[in-house]
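Structural description and commentary
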Amino acid sequence: MSPPLLGVEEGGGNTSTVATSPSIDGDCLGLKERNYLGLSDCSSVDSSAVSSLSDENKSNLNLKATELTLGLPGSQSHEREPKLCLLNSGKLDEKPLFPLLPLKDGICSSSVQKNIASGNKRGFSDTIDGFSELKSSKYTEGNWMFHATGPSSETAQCGGQGKFPGNAGMKAMLPSRTSGAQSTMPKEALPKPAPEGPHALNGAGASQTRASNNAPAAKAQVVGWPPIRSFRKNTLATTSKDNDEVDGKPGPGALYVKVSMDGAPYLRKVDLRNYSTYQELSSSLEKMFSGFTIGQCGSNGTPGREMLNESKLRDFLHGSEYVLTYEDKDGDWMLVGDVPWEMFIDSCKRLKIMKGADAIGLVNK
Amino acid sequence: MNYFPDEVIEHVFDFVTSNKDRNTISLVCKSWYRIEKFSRQRVFIGNCYAISPERLIGRFPGVKSLTLKGKPHFADFNLVPHDWGGFVYPWIEALARSRVNLEELRMKRMVVTDDALELISRAFVNFKTLVLVSCEGFTTDGLAAIAANCRFLRELDLQENEVEDHRGQWLNCFPESCTSLVSLNFACLKGDINLAALERLVARSPNLKSLKLSRAVPLDTLQKILVRAPQLVDLGVGSFVHDPESETYSKLLTAIEKCKSMRSLSGFLEVAAYCLPAIYPICSSLTSLNLSYAPGIPGSELTKLIRQCRKLQRLWILDCIGDKGLGVVASSCKDLQELRVFPSDPYGVGNAAVTEEGLVAISKGCPKLNSLLYFCQQMTNAALQTVAQNCPNFIRFRLCILDPTKPDSSTDQPLDEGFGAIVQSCKGLRRLSLSGLLTDQVFSFIGKFAEQLEMLSIAFAGNSDKGMLYVLTGCKKIRKLEIRDCPFGNIALLTDVGKYETMRSLWMSSCDVTLGGCKTLAKKMPRLNVEIINENEEMEECIDDRQKVEKMYLYRTLVGPRKDAPEHVWTL
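Notes on the structure follow. (Residues numbered from 1 in each chain as written. Chains lettered and ligands numbered in written order. Predicted model: local features only at pLDDT ≥ 70, side-chain atom pairs only at ≥ 80, totals over all residues. Heavy atoms only, no water.)

This part covers the overall build of chain A. When helices and strands are counted, chain A shows 18 helices and five strands. Taking all 365 residues of chain A together, 57% fall into the buried category. Residue pairs at least 24 apart in sequence account for 71% of intrachain contacts in chain A once pairs closer than 6 positions are excluded. (Helix = DSSP H or I, 4+ residues; strand = E, 2+ residues; numbered from the N terminus. Buried < 20%, exposed > 50% of the residue type's maximum accessible area, 1.4 Å probe, protein only. Contact = heavy atoms within 4.5 Å.)

Here it is, written out as structure tokens:
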């Protein structure tokens, strides 16, 4: 149980992998959509990968999610990390963590395939794909179901296509299998609405309408759409990425920050928007990490580390054993609780539960 | 007039500033042609491949101010390969060789290398103005050369360029003797800035009117800069995050209050909403506000701010302002002429999006509106008809429904009637971008009513060749037509081939035109460059005339096929 996890986490800077591993449902949804769209490629590898995925249980999809974050090429994994947590705020505590290694290779190929098939210039669209797919996927269960059924109908149509007239998106499918053509997958996902051409277009159009009603993610696949200057798109993506950890986006955006605890083999993420006072935050963290430390007591055999127990943990923020600190926008470590909650949310980039000894400087100020 | 000496005639011509008029003057007689030719100073070249630098220099040897545009517009959306072209170096080289006394250079969508910038800085002694929009290919080293060598530099304006940021200190390269700066915009730079050098530069630039900072410039530097330059008219804020209780913040408040000339604000590339009240004092005199790059400001804060900007004429904003926020804009900004609403989340369906309601509200409250770029979730024909009625003055109307083939959200009908109303009502319409579910009908409206239309952008629209034909036959003044993912084929392309010589360019991608059709066109019209952009390696083996062309870009030219096209761009 623990070794693979530890291996992942300590694999350097990939702490977010750990954070995303509990996010099963989100990943399922996001991945589902991604592979669905990749399917319209008609590449056999993709379709077989997806059909195998749809048959398999959640754990495999989850693996795929964590697998992606293990540093596959392209910006997908990187961009998606904060988003994967969107769906998990309630679930963080309950989900057990899955082993990562099995099935990695099987799934690797299809996602790598997708990465390769998209050229460099497409990397950004793919980033946004992951971005949006996860965002939209959180909206309804039904959404997910559509896409589960989507692939099969699309594949059937694709299979019969050949040189399909009238739809450049479809046309581009054939070349995209083998080359780094730019205008490939994204366009296919969004066939033209023009009533030209046979069944496939109607079917695709129908599924696209469905998609547009329920999952705007479909439209994310079109190259060059919406027509926003790439400079603006790139800048927006960068600032949104930062904002995920610092400022929330206006509206329903979540404010996920990493929470680390001294002695913990992995980190957690919390959505600061779920709380409105420091008390709520601290009790939630208490619950989150108490569960963990009980586990740690059993399995952590590292010598020299203090064994935590429940009572010590209860003194979490109240006692001097542990102190809650946060890193602000300037990179300084501050004691939680000094500034108004709103300002705290605005400037908090990550949280750290420090051991009393380390936090002496902050506590005694 | 011929009994006046040339100098007198030239002096008279000086009062004729429009190039169109000057072109007409040139046609009167040979001596007027000659006088005008040598006195023409401003030249605009909308397509750098339509003419060569040598011919430009031959025609207008006295050119001082040159504007060059390179890649087609759709390059902004990653539809054109990076190495397609638009290299400015040959132009600079030719101008330098001929000892043209170039003072101003403005470029859009061109590939500008550090070598080109270096050459500019060394070859043109009186060089004053450099404006780069959506360009790429250069680094801060090139900027350092400009800073160091252009002794009379007045304007360095970098808008939305992809600049590779080296660790060099380009701001330091402005010599102490450089005091002529009027406009400096480096907002698009991503790297660190030498803040002390920036402060010193501002301090010795008494004529500085426009300053746009990058994200790396923090609030405390901004405060110091504003103290030095209260005469600023146009300010682009970099980072705007600070503790509102601090001394720095209160110093900023004082500094801002002294900026009585401030008319235009932009940037806020990093911003905390609780710092925004600092700019309230200048809101009432603002005529232009661009918050489209300011992430994460909640709609409520935006409206609080905009409510105070009663003189606003131009507003660029993110759609997180929402329909309600646009209602506030409509009630507060009665002088509004230009509005751009960008999507804060281009691929998601957030609550933050705007719909037709916001647009209708704006049209009701801002009758002077003449330029619009609006990204929205949905639109209805009724709304467009209302907008057309309320705002007949549109010159630019660009509507982008994020779902590109979405019908009228209340009737499920195509949006033909809505756009038809727009073109019918707005007789001065020069630029139009369509989106949503559209049939050939909308093009029949456009062909019939859009008499002044110069640029049209179409995506995922139409049913047949008739659509495109309506436009080509009806729009007499059309100059740029760009089409993607529409069912227009060879018939539409080839029906009136002479039309393309009256236009600057035509772009068609993912349409139904075939290689054979393009070849036919190229053969018939030798003064057009018909380029096929084909990034697909497979196509090279099986080149079949019946095969559809992925991307075609054609443009009129006086100098034949270009020699700098990359491998996958074929000129037929």
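Turning our attention to the overall build of chain B. Within chain B, the regular secondary structure consists of 20 helices and 23 strands. Within the span of chain B, comprising 572 residues, buried residues form 61% of the whole. Counting only contacts in chain B whose residues sit at least 6 apart along the sequence, the fraction spanning at least 24 positions is 71%. Of the roughly 21,900 Å² of accessible surface on chain B, 51% is carried by carbon and sulfur atoms. (Areas by Shrake-Rupley, 256 points an atom, 1.4 Å probe, with all protein chains shown as cover.)

A cluster of nonpolar residues, Y3, F4, V8 and V12 of chain B, forms a patch on the protein surface that exposes about 410 Å² of accessible area. Residue placement: V12 of chain B occurs in helix α1 (residues 6-13). (Patch = residues over 30% accessible without salt bridge, like charges linked within 9 Å, V, L, I, M, F, W, Y side chains within 5 Å. Salt bridge = Lys/Arg side-chain N within 4 Å of Asp/Glu carboxyl O.)

Time to look at the nonpolar core. Counting residues in hydrophobic clusters, the biggest one holds 187 residues, and the most contacted among them are W170, F240, F397, I446 and L506 of chain B. The element that contributes the greatest number of residues to this core is helix α5 (residues 89-97) of chain B, accounting for five residues. Once residues within four sequence positions are removed from consideration, W170 of chain B is found in contact with T140, L143, A144, A147, L156, L184, F186, L189 and I193 of chain B. One finds L255, Y278, Y322 and W341 of chain A within the second-largest nonpolar core, a separate group that totals 23 residues. (Core = buried A, V, L, I, M, F, W, Y, C linked by side-chain atoms within 4.5 Å.)

What follows concerns the sheet that holds strand β3 (residues 322-327) of chain A. All names here are of chain A. Taken together, five strands build an open sheet; the order of strands is β2-β1-β5-β3-β4 and the sheet is mixed. The open sheet has two edge strands with one neighbour each: β2 (268-271) and β4 (333-335). If you compare each strand with its neighbour and ignore which way they point, the axes differ by 35° on average. In this structure, strand β1 (residues 256-261) lies alongside β2, joined through four bridges in antiparallel fashion. Across the sheet, residue V259 finds its bridge partner in β2, namely R268. (Pairing = 2+ DSSP bridges. Axes fitted to C-alpha atoms, helices over the stretch in contact; angles between N-to-C directions.)

What follows is about helix α17 (residues 440-449) of chain B. Residue and element names in this part refer to chain B. The element α17 is extensively covered by neighbouring structure, given that seven of its ten residues are classed as buried. For α17, every residue scored as buried is listed here: D440, V442, F443, S444, F445, I446 and G447. Looking at the buried side of α17, the elements it contacts are α16 (416-425), β17 (431-433), β18 (455-459) and α18 (465-474).

With that settled, the discussion passes to the packing of helix α6 (residues 114-123) of chain B against helix α7 (residues 140-149) of chain B. Residue and element names in this part refer to chain B. Running from N to C, α6 and α7 cross one another at 5°; their axes reach a closest spacing of 8 Å. Classified by the interaxial angle, the pair formed by α6 and α7 is roughly parallel. Across the interface between the two elements, D114, L117, E118, I120, S121 and R122 of α6 pack against D141, G142, L143, A145, I146 and N149 of α7. Residues that form the contact of α6 with α7 fall into these classes: five nonpolar, three polar and four charged. (Parallel < 35°, antiparallel > 145°, perpendicular 65-115°, else oblique. Nonpolar A, V, L, I, M, F, W, Y, C, P; charged D, E, K, R; others polar.)

What follows covers the packing of aromatic side chains. As enumerated under the stated definition, the model contains 23 aromatic pairs over all chains in all. Pairing Y278 of chain A with F344 of chain A gives two aromatic rings, centres 5.2 Å apart and planes at 55°, and the pair type is tilted. Of the two residues, Y278 of chain A is situated in helix α15 (residues 278-299) and F344 of chain A in helix α17 (residues 341-347); the sequence distance between them amounts to 66 residues. Grouping residues by exposure puts Y278 of chain A and F344 of chain A together as buried. Measuring from centroid to centroid gives 5.7 Å for F443 of chain B and F488 of chain B, while their planes differ by 75°, and the two rings are edge-to-face. A residue pair is termed long-range when its members are at least 10 positions apart, and F443 of chain B in helix α17 and F488 of chain B in the loop between β19 (480-484) and α19 (490-494) qualify at 45 residues. (Phe/Tyr/Trp six-rings, centres within 6.5 Å; stacked < 30°, edge-to-face > 60°.)

Once that is clear, we can look at the pairing of β3 of chain A. Residue and element names in this part refer to chain A. Burial within β3 is extensive, with six of its six residues counted as buried. In β3, alternate side chains face the same way, and those of Y322, L324 and Y326 on one face and V323, T325 and E327 on the other are all buried. For β3 and strand β5 (residues 350-355), the ladder comprises six bridges, and the chain directions are antiparallel. By the bridge assignment, V323 is partnered in β5 with M354. One ladder, built from three bridges, connects β3 with β4; its direction is antiparallel. By the bridge assignment for β4, E327 is matched with W333. Here β3 folds back onto β4, and the loop between the two strands holds five residues, one of which, G331, carries a positive phi near 90°.

So, about the packing of helix α8 (residues 195-203) of chain B against helix α9 (residues 219-228) of chain B. All names here are of chain B. Across the interface, α8 lies against α9 with an axial gap of 9 Å and an inter-helix angle of 15°. Viewed along their axes, α8 and α9 adopt a mutual orientation that is roughly parallel. Judged by the twist between their axes, the crossing of α8 over α9 is right-handed. In this structure, α8 uses L195, L198, E199, V202 and A203 to contact α9, whose residues at the interface are T221, K224, I225 and R228. Residues belonging to the contact of α8 with α9 are distributed by class as follows: five nonpolar, one polar and three charged. (Left-handed = near helix turned anticlockwise from the far one by under 90°.)

Among the residues of α18 of chain B, those classed as buried are D465, G467, M468, L469, V471 and L472 of chain B. Of the surrounding secondary structure, the elements contacted by the buried residues of α18 of chain B are α17, β18, β19, α19 and β20 (505-509) of chain B.

For the rest of this paragraph, the subject is the side chain of E36 of chain B. Residue and element names in this part refer to chain B. As for its placement among the helices and strands, E36 is situated in helix α3 (residues 30-39). Looking at E36, its side chain comes within polar contact range of the side chain of S26, at 3.0 Å. With residues up to four places along the chain from it excluded, the contact list for E36 reads F13, R22, I25, S26, R59 and F60. (Polar contact = N/O pair within 3.5 Å; in protein donor to acceptor, adjacent residues only side chain to side chain.)

Moving on, we come to the environment of L252 of chain B. Residue and element names in this part refer to chain B. Tracing the backbone shows L252 in helix α10 (residues 247-257). Look at L252 and you get buried, because its relative accessible area is 0%. With 27 residues separating them along the chain, L252 and I279 place their C-alpha atoms 9.3 Å apart. Setting aside its immediate chain neighbours within four residues, L252 contacts L219, L222, Q223, L226, F240 and A278.

The next subject is the pattern of salt bridges. As enumerated under the stated definition, the model contains 27 salt bridges over all chains in all. With its nearest N and O atoms 3.8 Å apart, the salt bridge here joins E160 of chain B to R232 of chain A. In this pair, E160 of chain B sits in the loop between β6 (155-159) and β7 (162-164) while R232 of chain A sits in helix α14 (residues 230-245), so the two residues belong to two different chains. The class for R232 of chain A is buried, based on a relative accessible area of 6%. Between E199 of chain B and K224 of chain B there is a salt bridge, with its nearest N and O atoms 3.9 Å apart. Remark: K224 of chain B occurs in helix α9 and E199 of chain B occurs in helix α8; sequence separation between them is 25 residues. Overall, the relative accessible area of 38% leaves K224 of chain B in the partly exposed class. Salt bridges here are not isolated pairs; linked through shared partners, they connect R229 and R232 of chain A together with D76, R109 and E160 of chain B.

Only a minority of non-glycine residues have a phi that is not negative, and only a minority of peptide bonds are not trans. W225 of chain A connects to P226 of chain A through a cis peptide bond whose omega is -5°. Of note, F460 of chain B is a non-glycine position whose phi angle comes to about 55°, a positive value. Looking at F460 of chain B, the relative accessible area reads 2%, which means it is buried. Positive phi outside glycine occurs at D485 of chain B, with the angle close to 55°. Looking at the secondary structure, you find D485 of chain B in the loop between β19 and α19. Judged by relative accessible area, D485 of chain B falls into the buried class, the value being 3%.

By themselves, these observations are geometric and do not establish any function.
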